[in-house]
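Reading the structure
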Amino acid sequence: MPDRIVVIGAGPVGIRFAEELLPLVAEGRATVTVLGAETADPYNRVLIAELAVGEATAAELTLATASALPGVDLRLGARVMRIDRDAQTVELADGSAIGYDRLVFATGARSIIPALDGLETLGSDSTGIDTRLTAGVCVLRDLSDAEQVRAVVESGGRVVVLGAGVLGIELAMLLADAGAIPSVAHFGPMPMPRQLDRGSASILSTALASAGVTLVPHTRAEGVIGVEGDDGIRRFRALASSDGKRIEGDLLVLSCGVRARTELAEAAGLRVGNGVLVDASLRSWSDPRIHAIGDCAHVADPAEFLHERQVPGGPAGLVGPGWRQASWLAASITAELYSADEHPGEYTDEHPGVVVLKGELVDIASAGDVSADPFAPVPAGEDAPGVAVWADPEHGTYVKMATRDGILTGFVAVGMPRAAAELSVLYLRGGELPADRSLLLRLDDPDADAVAPAGRDATLCICNAVTVGQIEDAIDDGCSSVAAVGDCTRAGTGCGGCRARITELLHAHAGAVA
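I will try to describe carefully the structure that is included in this document. (Residues numbered from 1 in each chain as written. Predicted model: local features only at pLDDT ≥ 70, side-chain atom pairs only at ≥ 80, totals over all residues. Heavy atoms only, no water.)

On the basis of which strands lie adjacent, the open sheet formed by three strands has the order S4-S5-S6 and antiparallel pairing. Of all strands in the sheet, those bounded by a partner on one side alone are strand S4 (80-84) and strand S6 (97-99). Adjacent strand axes in the sheet meet at a mean angle of 20 degrees when their direction is disregarded. (Pairing = 2+ DSSP bridges. Helix = DSSP H or I, 4+ residues; strand = E, 2+ residues; numbered from the N terminus. Axes fitted to C-alpha atoms, helices over the stretch in contact; angles between N-to-C directions.)

Our next topic: the sheet that holds strand S1 (residues 3-8). The strand order across the open sheet built from five strands is S3-S2-S1-S7-S21, with neighbouring strands paired in parallel fashion. Each having just a single partner strand, strand S3 (73-76) and strand S21 (290-292) make up the two edges of the open sheet. Pairwise comparison of adjacent strand axes, ignoring direction, gives a mean angle of 15 degrees for this sheet. One ladder, built from four bridges, connects S1 with strand S7 (residues 102-105); its direction is parallel. Its bridge partner lying in S7, Ile8 is registered against Phe105.

Okay, the packing of helix H13 (residues 468-476) against helix H14 (residues 482-489) next. Running from N to C, H13 and H14 point in directions that differ by 115 degrees, and their axes come no closer than 10 Å. Between H13 and H14, the angle is such that the two are roughly perpendicular. Considering the relative orientation of H13 and H14, their crossing is right-handed. Taken together, the residues of H14 that come into contact with H13 (itself represented by Gln470, Ile471, Ala474 and Ile475) are Val485, Cys488 and Thr489. By residue class, the composition of the contact of H13 with H14 is five nonpolar, two polar and no charged. (Parallel < 35°, antiparallel > 145°, perpendicular 65-115°, else oblique. Left-handed = near helix turned anticlockwise from the far one by under 90°. Contact = heavy atoms within 4.5 Å. Nonpolar A, V, L, I, M, F, W, Y, C, P; charged D, E, K, R; others polar.)

Okay, helix H1 (residues 12-20) next. Among the nine residues in H1, seven count as buried, and that is most of the element. Looking at the buried side of H1, the elements it contacts are S1, helix H2 (22-26), strand S2 (30-36), S3, S7 and helix H10 (319-338). (Buried < 20%, exposed > 50% of the residue type's maximum accessible area, 1.4 Å probe, protein only.)

Time to look at the packing of H1 against H10. Taken N-terminus to C-terminus, the directions of H1 and H10 make an angle of 30 degrees; their axes are 8 Å apart at the nearest point. Taken together, the axes of H1 and H10 are roughly parallel relative to one another. Remark: the crossing between H1 and H10 carries right-handed chirality. Two secondary-structure elements touch here, H1 through Pro12, Val13, Arg16, Phe17 and Glu20 and H10 through Val319, Gly322, Trp323, Ala326, Ser327, Leu329, Ala330 and Ile333. Across the contact of H1 with H10, the residue classes break down as nine nonpolar, two polar and two charged.

Below, the discussion takes up the state of the cysteines. For the structure shown, the criterion picks out zero disulfides. With no disulfide of its own, Cys138 has Cys256 as its nearest cysteine by sulfur position, at a separation of 12 Å. In this structure Cys138 comes out as buried when scored by relative accessible area, which is 1%. (Disulfide = S-S within 2.5 Å.)

Our focus in this paragraph is the packing of aromatic side chains. The tally for this structure, following the rule as stated, stands at two aromatic pairs. Centre to centre, the rings of Trp328 and Tyr347 are 6.1 Å apart; their planes meet at 75 degrees, and the pair counts as edge-to-face. With Trp328 in helix H10 and Tyr347 in the loop between H10 and strand S23 (354-357), the pair connects residues that are 19 residues apart, well separated along the chain. Taken individually, Trp328 and Tyr347 each receive the classification buried, so the pair is uniform in this respect. Taken together, a centroid distance of 6.3 Å and an interplanar angle of 70 degrees make the contact between Phe411 and Tyr427 edge-to-face. With a gap of 16 residues between them, Phe411 in strand S27 (residues 407-414) and Tyr427 in helix H11 (residues 417-429) connect regions that are remote in the sequence. For the residue pair Phe411 and Tyr427, the accessibility class agrees, reading buried in each case. A cation over an aromatic ring shows up here: Arg16 above the ring of Trp323, its NZ or CZ 4.1 Å from the ring centre. (Phe/Tyr/Trp six-rings, centres within 6.5 Å; stacked < 30°, edge-to-face > 60°. Lys NZ or Arg CZ within 6 Å of the ring centre and 35° of its normal.)

Residues other than glycine predominantly adopt negative phi, and peptide bonds predominantly adopt the trans conformation. A positive phi angle, near 55 degrees, is found at His218, a position not held by glycine. Summarising the element assignment, His218 is placed in the loop between strand S14 (214-216) and strand S15 (221-228). Assessed through its relative accessible area of 52%, His218 is described here as exposed. Despite not being glycine, Arg490 shows a phi value in the positive range, around 80 degrees. Within the element layout of this structure, Arg490 appears in the loop between H14 and helix H15 (499-513). You can call Arg490 partly exposed: its relative accessible area is 31%.

None of this, on its own, says anything about what the molecule does.
The following block contains the structure:
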């Protein structure tokens, strides 16, 4: 009998997992059913902001259709209501039930909706798993949210973004470039506080202001002001703060973080923390027949934390780790079903997160802890980290590198894309910085080679772990566009932060041929 594998979630991670299982399906060793609550073909939610401003089409975001997953039972508009672990069935909203031998949660995360006076919840949306909000307020997580943003962009309207994290700042830059009028309200003194230090945040703030993005720091949002139209519908008009500020706009986008979707798992009696708790085999702590991957998976060692009330850690929040989990779990199941001697072992993510800010306005890359102050006093008995800083605010460039025993432990680079690429490679490899740190700064000299010294083995697309060499080979084989390279190697199909470097390689190849 084939192994019955049921996947809850048809987003990027769930679809990647199904793709990796296609050989098992073709050989009759497994059946795969993927359940998606939305009715649209599975799409890359990471690029939803680009769709909203017209920089990408729905076709470009589409991950797969039923025809692209031969043998997989892809069910769209299929909302899961309950999991019966005793009967090993998944019960759907239409009353049907699906049996499983292995159940995989790939439910992702939902946007956090802050408690604001005047912000109404108007019942469930079309999927039944999210909430409709006051007209003119959205979270930009799905296609309907993108349509709301697109309508305001096309009219050159005003958009208020609440939250200055990576997604909020990326959206603001895209909105400004598309002709809308964005304002970003945030609680702290600077944007992207988890990724930037004061120097890099200052450079970013200046760049945003020059592009027409209004930053409104120190904003403790308290309420939503709405106006009722002639049609009787109350619509957003302004965001009100505790100190009396009133930020007016035609649309409010909430970018206040996300939380793992764990409701189904909790109702089924599974242990959850900051996601569905799974071990190093990505198996649920509570049920070995159930797995979790992606933004709903909290990987932690039950031997160490089983009796702890609060389990440290949580989902990475990036698509790359989710894809690596999907590939690892598929390989693990394949080895098990084949009774193979070779098994991928325990899951470990060897690629710590590098955050790349997408946008034409400014290049930013950040990883690790960049909070160290090179001039701060060091307590007795402690070793200060090595810190090297380069700042040129007039030209919008900034680099900060933190090391321990010469090993790069954190960095932030603004306006220096080639240095950022090289630092990303060193960080991912746990490599040492050159003794002369200025060598990295010279990479962004206009006369420097387009590809950083790390060479063909350097990882260019972090999301899909694609190297420079693999992309160069694809270009040599006839790939003449970023989209073609993506179709061949998957590079650039995740967060999109590597597309500029892929374009550089394409231009370099074209110049060499000419």
